[in-house]
Amino acid sequence: FQFFVALATSYLWRLVSLNTEIDRQWRGMETALRERYALVPAYVECIRTFSDSEHYTMTITERGLTSWRNARTDPQIAAAAARMEMILTQLSKVMRRYDQSAPAKEAEEAASSERFALLERQRELSRRRTSELVQHYNIAVARYNQQVGRFPGQWLAWAAHLHERPPIFTSVRP
């Protein structure tokens with residue numbers, strides 16, 4: 001009997017360790033996403049240098065930023081992050097259009113174009129970093145879910161109120 005208790009305790013300890021690793025991976029990924037989405041206001045300022053007529057783009061950007069700032073739970077953060085990825089792409093496209101359509105730029109527009117080029121480099125670096133962190137997170141989730149999904153993990157997870165964890169960004173890549 002003691003052997004089975006020791007085995008169950010060991011297996012439960014493994015599940016808790018894997019669950020803790022997922023939480024650690026999540027914190028790193030969330031920090032990287034916050035840094036990535038901190039670029040959005042700078043994109044908005046670059047666009048405003050060229051035009052005040054992008055009302056739709058600015059409205060969806062403000063709504064996206066609001067949902068990002070108000071996201072508290074993991075699923076809310078994941079949904080808001082997916083939305084922010086689409087917004088970053090949209091802002092980049094809009095700015096690229098202005099940047100290319102204004103051949104004779106004023107000094108302020110030229111400076112905005114330089115800031116945009118820097119933002120694009122920062123965005124690419126943050127995309128790489130975030131993608132790597134998402135990959136590590138999803139690997140940790142897969143390992144955990146594999147242990148939770150098979151015997152005796154199913155019973156122990158049920159008893160300890162541990163549940164499978166969903167991966168993030170499986171269809172939208174940052």
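Right above here is the structure, for reference.
Since the model is a prediction, treat every value here as computed from it, not as a measurement.

Peer 1: With reference to specific residues and values, describe the overall build of the chain.
Peer 2: Tallying secondary structure elements over the chain gives six helices and zero strands in all. Taken from the N to the C terminus, the helices and strands of the chain come in the order α-α-α-α-α-α. In terms of C-alpha radius of gyration, the chain reaches 22 Å, well past the compact-globule figure of 16 Å for 174 residues. With respect to the principal axes defined by its C-alpha atoms, the chain has extents near 85 × 25 × 20 Å. Counting only residues that meet the buried cut, the chain has 41% of its 174 residues in that class. The contacts of the chain with a sequence gap of at least 6 include a subset with a gap of at least 24, amounting to 79%.

Peer 1: Hey, could you go over the packing of helix α2 (residues 40-50) against helix α4 (residues 74-101) for me, with residue numbers and the actual values?
Peer 2: Running from N to C, α2 and α4 cross one another at 30°; their axes reach a closest spacing of 10 Å. With respect to α4, the axis of α2 lies roughly parallel. By crossing handedness, the relation of α2 to α4 is classed as left-handed. The segment α2 lies against α4, with Val40, Tyr43, Val44, Cys46, Ile47 and Phe50 engaging Met84, Leu88, Leu91, Ser92, Val94, Met95, Tyr98 and Asp99.

Peer 1: Please give an account of the nonpolar core that cites residues and values.
Peer 2: One finds Met29, Tyr37, Trp68 and Phe169 to be the most contacted residues of the largest nonpolar core, which totals 45 residues. Examining the composition of this core, we find that eleven residues originate from one element, α4, more than from any other. If we skip the residues at most four places from it in the chain, Met29 touches Leu133, Val134, Tyr137 and Ile168.

Peer 1: Can you break down the pattern of salt bridges residue by residue, with the values?
Peer 2: Taken as a whole and assessed by the stated rule, the structure comprises twelve salt bridges. Between Arg96 and Glu120 there is a salt bridge, with its nearest N and O atoms 2.8 Å apart. Of the two residues, Arg96 is situated in helix α4 and Glu120 in helix α5 (residues 107-148); the sequence distance between them amounts to 24 residues. The exposure class assigned to Arg96 is partly exposed, which follows from its relative accessible area of 34%. Salt bridges linked by common partners bring Asp23, Asp74 and Arg165 together as one network.

Peer 1: Talk me through the packing of aromatic side chains; I want residue IDs and the actual numbers.
Peer 2: One pass over the full model with this rule turns up five aromatic pairs. Here Tyr43 and Phe116 contribute two aromatic rings whose centre-to-centre distance is 6.1 Å and whose plane-to-plane angle is 80°, an arrangement assigned as edge-to-face. You can see Tyr43 sitting in helix α2 and its partner Phe116 sitting in helix α5, a full 73 residues away along the chain. Considered together, Tyr43 and Phe116 belong to a single accessibility category, that of buried residues. With 4.8 Å between their ring centres and 90° between their planes, Phe151 and Trp155 make a pair best called edge-to-face. Accessibility classification places Phe151 together with Trp155 in one group, the exposed group. Here the guanidinium or amino end of Arg97 rests over the ring plane of Tyr98, the centre of that ring lying 5.1 Å away.

Peer 1: Mind laying out the side chain of Arg36, listing which residues take part and the relevant values?
Peer 2: Residue placement: Arg36 occurs in helix α1 (residues 2-37). Note on Arg36: relative accessible area 2%, which makes it buried.

Peer 1: Lay out a nonpolar patch on the surface with the relevant residues and their values.
Peer 2: Judged by side-chain polarity, Phe3, Phe4 and Leu7 come together as a nonpolar surface patch covering roughly 370 Å² of accessible area. Looking at where Phe4 falls in the secondary structure, it is placed in helix α1.

Parameters and conventions
Residues numbered from 1 in each chain as written. Predicted model: local features only at pLDDT ≥ 70, side-chain atom pairs only at ≥ 80, totals over all residues. Heavy atoms only, no water. Helix = DSSP H or I, 4+ residues; strand = E, 2+ residues; numbered from the N terminus. Rg over C-alpha atoms; globule rule 2.2 N^0.38 Å. Buried < 20%, exposed > 50% of the residue type's maximum accessible area, 1.4 Å probe, protein only. Contact = heavy atoms within 4.5 Å. Axes fitted to C-alpha atoms, helices over the stretch in contact; angles between N-to-C directions. Parallel < 35°, antiparallel > 145°, perpendicular 65-115°, else oblique. Left-handed = near helix turned anticlockwise from the far one by under 90°. Core = buried A, V, L, I, M, F, W, Y, C linked by side-chain atoms within 4.5 Å. Salt bridge = Lys/Arg side-chain N within 4 Å of Asp/Glu carboxyl O. Phe/Tyr/Trp six-rings, centres within 6.5 Å; stacked < 30°, edge-to-face > 60°. Lys NZ or Arg CZ within 6 Å of the ring centre and 35° of its normal. Patch = residues over 30% accessible without salt bridge, like charges linked within 9 Å, V, L, I, M, F, W, Y side chains within 5 Å. Areas by Shrake-Rupley, 256 points an atom, 1.4 Å probe, with all protein chains shown as cover.

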